[in-house]
Amino acid sequence: MTYEEVISNARANIGSYCKACPVCNGRACKNQIPGPGAKGMGDTAIRNFEKWQEIRVNMDTICENRDIDTTVTLFGRKFSYPFFAGPAGAVNLHYSELYNDITYNKVLVKACADAGIAAFTGDGTNPDVMTAATDAIKENNGIGIPTIKPWNIETVRSKLLQAEKSNAFAVAMDIDAAGLPFLKNMNPPAGSKTTEQLAQIVKMTDKPFIVKGIMTVKGALKAKEAGASAIVVSNHGGRVLDQCASTAEVLEEIADAVKGSMTVLVDGGIRSGTDIFKALALGADGVLICRPMVVAVYGNGEEGAACYIEKLSAELRDVMQMCGAHTIKDISRDMIRK
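Residues numbered from 1 in each chain as written. Predicted model: local features only at pLDDT ≥ 70, side-chain atom pairs only at ≥ 80, totals over all residues. Heavy atoms only, no water.

**Describing the sheet that holds strand β9 (residues 230-233)**
- Overall, parallel pairing links the eight strands, which are arranged β4-β11-β10-β9-β8-β7-β6-β5 in an open sheet. Where the open sheet ends on each side, the last strands, each with one partner, are β4 (83-85) and β5 (120-121).
- Judged from the four bridges that link them, strand β8 (residues 209-214) and β9 form a sheet pairing that is parallel. By the bridge assignment, Ile 214 is partnered in β9 with Val 233.
- Lying over the sheet, helix α7 (residues 195-202) contacts β7 (171-174) and β8, oriented at roughly 150 degrees with respect to β8.
- Against the sheet, helix α10 (residues 273-281) contacts β4, β10 (263-266) and β11 (286-289), and its axis sits at roughly 140 degrees relative to β11. (Pairing = 2+ DSSP bridges. Helix = DSSP H or I, 4+ residues; strand = E, 2+ residues; numbered from the N terminus. Contact = heavy atoms within 4.5 Å. Axes fitted to C-alpha atoms, helices over the stretch in contact; angles between N-to-C directions.)

**A closer look at the side chain of Asp 275**
- Checked against the element boundaries, Asp 275 lands in helix α10.
- Here the side chain of Asp 275 touches Gln 53 through a polar contact of 3.5 Å, side chain to side chain.
- In this structure the side chain of Asp 275 is engaged in a polar contact, spanning 3.0 Å, whose partner is the backbone nitrogen of Arg 271.
- Contacts of Asp 275, omitting those with residues within four sequence positions, involve Trp 52, Gln 53, Gly 269 and Ile 270. (Polar contact = N/O pair within 3.5 Å; in protein donor to acceptor, adjacent residues only side chain to side chain.)

**Focus on the environment of Met 130**
- For Met 130, the position within the fold is in helix α5 (residues 127-139).
- Sequence separation between Met 130 and Pro 146 is 16 residues, and the spatial gap between their C-alpha atoms is 7.6 Å.
- In this view, Met 130 contacts Gly 122, Asp 123, Pro 146, Thr 147, Ile 148, Lys 159 and Gln 162; residues no more than four positions away in its chain are not counted.

**Notes on the pattern of salt bridges**
- Taken as a whole and assessed by the stated rule, the structure comprises 19 salt bridges.
- Put simply, Lys 159 and Asp 123 hold a salt bridge, and the shortest N to O gap is 2.9 Å. Here Lys 159, found in helix α6 (residues 153-165), pairs with Asp 123, found in the loop between β5 and α5; they are 36 residues apart in sequence, far enough to count as distant. This pair shows no difference in class: Lys 159 is buried, exactly as Asp 123 is.
- Salt bridges sharing partners connect three or more residues here, namely Glu 252, Asp 256, Arg 333 and Lys 338. (Salt bridge = Lys/Arg side-chain N within 4 Å of Asp/Glu carboxyl O. Buried < 20%, exposed > 50% of the residue type's maximum accessible area, 1.4 Å probe, protein only.)

Spelled out as structure tokens, the structure:
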């Protein structure tokens, strides 16, 4: 199956909101919710994509001609590629009833584990979502990262216990989900966390804790102070705040501030192996890709996701070869032009 066939299948399956565009750039869905768009004008998701395209790669083929190695070791585990599937929630609302969060996570976790990478799984108001996600991770030998919304402390505690039982190798919290409408006005209160509250949560688990939703050096340093092992430079796919900077614009300064003391991941508008290369050159240790993964699953389940993963890996190998980087560690800042 080709990626073009996956996209074509997805258009027939994905409902009326997402257009399953050949390149997911945020323009067709923009501010459409339900759907994969954003509140407000929807300009941040568009900016996320466009700022990666403004960065160019520096071709250099005067180098040794040898095989490309895309493997990377993160959180003590070796992965085939330096990219992960990002967490998606309420897929039946935003895409179509072909999948719900439970069936979607089950398909995605297995497809990613089989391909040698890992999926971040979503969370929701329905407790069965986390239960099914952690069950899927357990079925795949712990190769997955449960991503918990910033609920009240006791709810977070119970979901962390589920994560522990799944044997997941790490756990995450998408702190930027504080901007989602369904988290507002909850009782007990949910949403933003202080550094002290975040530290309390981090101490609830002995697994590497990833804080997703960091957009400033200040935020990264607060996550580090709280004891997080890793951060994801992310603005929640541009969905939660208009007029926000793109992740490509802030990644370099954040990576420079915490490099060596934390693992740095990034998401937001990354759509190709070339974009992945650019992110690594700017200092990321790995990237997350979400919306196109959803489209791929709707395009043909596990096979659709595997097809998209192979597309990304082929593009990454190609740009590495053409820029003189034979391993992920070889990728350096002088291989891109901003």
